[in-house]
Amino acid sequence: MKLTLRIWRQSGPTGALVTYPLDDLSPDMSFLEMLDVLNESLVVRGEEPVAFDHDCREGICGMCGLMINGVAHGPEKATTACQLHLRHFSDGDTITVEPWRAKPFPVLRDLVVDRSALDRIVESGGYISVPTGSAPDAHATPVPKESADAAFTSAACIGCGACVAACPNGSAMLFTAAKATHLGSLPQGQPERWSRAQDMVQTHDDLGFGGCTNAGECTPACPKGIPLTTIAQLNRDLLRSHLR
Amino acid sequence: MQTLRLYRSTVGKKAVMAVTGVGMLLFVVGHMIGNLSVFSGPAAIDGYARWLREIGVVWPLRFGLLLCVGLHMVAAVQLARRARKARPQGYEHGRRPQSYAARTMRWGGVIITLFVVYHLLDLTAGVANPHGVQGEVYNNLVADFQLWYVVLAYTVAVLALGLHIRHGAWSALQSLGVTAPRGIALVVAGVICAGYLSVPAAVVLGVVS
Ligand code: SF4
Ligand code: FES
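This one's a predicted model, so the numbers in the text were calculated from it and none came from an experiment.

What follows concerns helix H8 (residues 229-243) of chain A. Residues and elements named next belong to chain A. Over its 15 residues, H8 extends 21 Å from the first C-alpha to the last, a length consistent with the 21 Å expected when each residue adds 1.5 Å. With eleven of 15 residues buried, H8 lies mostly within the body of the structure. Every buried residue of H8 is listed here: Thr230, Ile231, Ala232, Gln233, Leu234, Asn235, Asp237, Leu238, Leu239, Ser241 and His242.

Below you can see the structure in the form of structure tokens.
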């Protein structure tokens, strides 16, 4: 199949969309394989290949963040860009590929942005205190089934940043809420529950992310379908932490 | 200190918007119920208005509402400015957000504010009313809705309010940490639109004259 790509190219402080016509593509290729093909041809022509982030290519690491036709990770629901296949496009389509856009995610090169801001949020509260040394008894802390399920739903977040990219406010609240709810749902996460909510929200705000206005654009963009209820949970924890 | 830290946070600002929003929503519901007394004739609605003044709720209500509007708007503007700063460079390939109601919250709020100013000049101060006699609520509003452009402006404002509530009522719950189905907000918005629009509709159709 034939596709025309408009790709954001940037090596300095500014960039622009550059058009690349591609021929002879297989509908079974993944989106990233298509970029590999493009890069091979660019290298042969002596041009700079397109820089893009990727690692596992199986939808679990969260490295591959691409804005595809204005949609984070492209048109397929609950699918990362690496798991998106060309069969979801039509022959002859023109596809615009851009990096995530947010002040705390500076573009490093082409489609690669620096997402370490998300690590700063995790550092500020995404931990629990446990005694180290001898291994704890496996059943020392019973976890109710509902808590385990709630924690697991949130723990599915792979830190890709699509929620930030899709949010009209440039807010990272879905990510922050996923991390806070993951630990806050478990008995082991209770001691720091209240300071965690305060510190993670504070760090989120200090990093320059926008505030969540419940626009609801993040969950449909999230490859793991992290629900908006996690944000309600974080809001509840934060308010309670101040009213206690 | 704690309260200040909460207010400074983006979550705290949304909580302020939620609480003030709920306050204004309760007023809007009360106001609507009051409006519906027009269907019981001039004596009922004029008497209701007189009674509100006599029990002395008018001024406390006005101060409370002014406070709500002020806090709601300050937080909204601060969040909007934050949002703009959080994405200095937008996307080349734009995309319509999913929810029309959520997308129009900011401009919808401006439209509602402008309407409220006109509405106060019209039916509270009476200066923008074609009849404009203090205490004659019934005659004032019947005179108003004889004019097509007043009916149009009123309808647009009520629909803007409905849209605002459509997203806002659910959003307020979410901001306060209550998980609720979005349908609740739709029902509330629908009831409010129907209640408010029934009055001009009744005048236009000649049920109230
Ligand atoms: S919440 Fe979803 S979209 Fe956001 S970083 Fe986690 S996996 Fe990605
Ligand atoms: S490359 Fe790992 S999730 Fe896409």
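The structure having been displayed, the exposition proceeds.
Residues and elements named next belong to chain A. Checked against the element boundaries, Arg45 lands in the loop between helix H1 (31-44) and strand S3 (67-68). In the structure, Arg45 is positioned 34 residues away from Thr79 in sequence and 32 Å away in space, judged by C-alpha atoms. At 3.1 Å, the side chain of Arg45 and the side chain of Glu47 are in polar contact.

So, on to the layout of surface pockets. In this model, the second largest pocket occupies a volume close to 450 Å³. Together, 31 residues line the second largest pocket, and Met67, Gly70, Ala166 and Glu217 of chain A together with Arg95 of chain B are the ones closest to its centre. If you list the elements that add at least two residues to the lining of the second largest pocket, you get strand S4 (71-72), helix H4 (162-166) and helix H7 (218-221) of chain A together with helix H4 (58-86) of chain B. Tallied by class, residues from the lining of the second largest pocket come to 16 nonpolar, eight polar and seven charged. Shared between two domains, the lining of the second largest pocket holds at least three residues of each, these being domain 1 (3-98) and domain 2 (116-243) of chain A.

Turning our eyes to something else, we now look at the domain arrangement of chain A. Residues and elements named next belong to chain A. Under the domain assignment used here, chain A contains domain 1 (3-98) and domain 2 (116-243). Here the C-alpha centre of domain 2 lies 30 Å away from the C-alpha centre of domain 1. Summing both sides of the interface, domain 1 and domain 2 together bury roughly 750 Å²; the carbon and sulfur share of this comes to 59%. Considering only the side of domain 1, the residues that lose the most area to domain 2 are Gly62, Ala72 and His73, jointly responsible for 42% of the buried surface there. Connecting domain 1 to domain 2 are zero salt bridges. Between the two partners, domain 1 and domain 2, sit one residue pair in polar contact (both at pLDDT 80 or more). The residue makeup of the side of domain 1 that touches domain 2, split by class, is five nonpolar, five polar and one charged.

A cluster of basic residues, Lys103 of chain A together with Arg81, Arg84, Lys85 and Arg106 of chain B, forms a positive patch on the protein surface. Residue contributions to the positive patch peak at three residues, all from H4 of chain B. Position of Arg84 of chain B relative to the elements: it lies in helix H4.

Conventions adopted
- Residues numbered from 1 in each chain as written.
- Chains lettered and ligands numbered in written order.
- Predicted model: local features only at pLDDT ≥ 70, side-chain atom pairs only at ≥ 80, totals over all residues.
- Heavy atoms only, no water.
- Helix = DSSP H or I, 4+ residues; strand = E, 2+ residues; numbered from the N terminus.
- Expected span 1.5 Å × (residues − 1).
- Buried < 20%, exposed > 50% of the residue type's maximum accessible area, 1.4 Å probe, protein only.
- Polar contact = N/O pair within 3.5 Å; in protein donor to acceptor, adjacent residues only side chain to side chain.
- 1 Å grid on protein atoms, 1.4 Å probe; cavity = no way out; pocket = protein on both sides within 12 Å on 5 of 7 lines; lining within 4 Å.
- Points joined across faces, edges and corners; volume = space filled by probe spheres on them.
- Nonpolar A, V, L, I, M, F, W, Y, C, P; charged D, E, K, R; others polar.
- Domains from an automatic or database assignment.
- Buried area = accessible area lost by both parts, 1.4 Å probe.
- Salt bridge = Lys/Arg side-chain N within 4 Å of Asp/Glu carboxyl O.
- Patch = residues over 30% accessible without salt bridge, like charges linked within 9 Å, V, L, I, M, F, W, Y side chains within 5 Å.
- Areas by Shrake-Rupley, 256 points an atom, 1.4 Å probe, with all protein chains shown as cover.
- Lys, Arg positive; Asp, Glu negative; His and termini not counted.
- Charge placed at Lys NZ, Arg CZ, Asp CG, Glu CD.

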